[in-house]
Amino acid sequence: MNRLQTKYNDQVKKELENELAIGNVHQIPKIEKIVLNSGVGKAEIAQAQAALTKLGLDPGPPDGVAGPKTKAALAQYLAREGLPPSDRVTPEIYRRLVP
C-alpha cells in the first residue's frame, strides 16, 4: 500500500468519521484512484507541437498525440534550453512553450 493510501486509512478516515458523525464505517468515502500528475490535455499538446514547429523542431503534425516525433522534439527543446529531460508535456513545459 502506498504512503497516501496508508495516511488516508490511518488518519483521514477517522477524522471524516468523527467530523461527519458517521455511524456506519461503510459510509466513509473510499479512494478509488490517486492521480498526482495528470499532465496536459490533447489541446495543450497540439499547441505545444505547433510551438515546437515554430522553434524549428519536428514534432510531427499538431494532432495532440505525444508520439515518438513529439517526444524527440521535446527532448531537443529541453536540452537546448538546459532543462531537465521529460518524456511528456508537463504544465510547466507547456507554460514555457505557449506563453
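The coordinates are above.
This one's a predicted model, so the numbers in the text were calculated from it and none came from an experiment.

**Student:** Describe the overall build of the chain, with residues and values.
**Tutor:** Looking only at helices and strands, one finds four helices and zero strands in the chain. Order of helices (α) and strands (β) in the chain, N terminus to C terminus: α-α-α-α. A globule of 99 residues ought to have a C-alpha radius of gyration of about 13 Å, yet the chain, at 21 Å, is considerably larger. Viewed in the frame of its principal axes, the chain has a C-alpha envelope of about 60 × 25 × 25 Å. Counting all 99 residues of the chain, 25% fall into the buried class. Nonlocal contacts in the chain, meaning residues at least 24 apart in sequence, comprise 29% of its contacts between residues at least 6 apart. Only carbon and sulfur atoms are counted for the fraction: they give 54% of the accessible area of the chain, which is about 7100 Å². Positive and negative charge centroids in the chain, built from 14 and 11 side chains respectively, lie 4 Å apart.

**Student:** Requested: an account of the nonpolar core, with residues and values cited.
**Tutor:** Among the nonpolar cores identified, the biggest contains twelve residues, and these are Ala48, Ala51, Leu52, Leu57, Ala73, Leu74, Tyr77, Leu78, Val89, Ile93, Tyr94 and Leu97. Going through the elements one at a time, α2 (42–54), α3 (68–81) and α4 (91–97) are the ones with two or more residues in this core. With four residues, α3 is the largest single contributor of residues to this core. Ignoring any residue separated from it by four or fewer positions in sequence, one finds leucine 97 in contact with Ala48, Ala51, Leu52, Leu55 and Tyr77.

**Student:** Residues and numbers for the side chain of threonine 70, please.
**Tutor:** Within the secondary structure, threonine 70 is located in helix α3. The buried category is assigned to threonine 70, whose relative accessible area is 3%. Looking at threonine 70, its side chain comes within polar contact range of the main-chain oxygen of proline 59, at 2.8 Å. Not counting residues within four places of it along the chain, the set of residues in contact with threonine 70 comprises Gln49, Pro59 and Val65.

Rules used in this analysis
- Residues numbered from 1 in each chain as written.
- Predicted model: local features only at pLDDT ≥ 70, side-chain atom pairs only at ≥ 80, totals over all residues.
- Heavy atoms only, no water.
- Helix = DSSP H or I, 4+ residues; strand = E, 2+ residues; numbered from the N terminus.
- Rg over C-alpha atoms; globule rule 2.2 N^0.38 Å.
- Buried < 20%, exposed > 50% of the residue type's maximum accessible area, 1.4 Å probe, protein only.
- Contact = heavy atoms within 4.5 Å.
- Areas by Shrake-Rupley, 256 points an atom, 1.4 Å probe, with all protein chains shown as cover.
- Lys, Arg positive; Asp, Glu negative; His and termini not counted.
- Charge placed at Lys NZ, Arg CZ, Asp CG, Glu CD.
- Core = buried A, V, L, I, M, F, W, Y, C linked by side-chain atoms within 4.5 Å.
- Polar contact = N/O pair within 3.5 Å; in protein donor to acceptor, adjacent residues only side chain to side chain.

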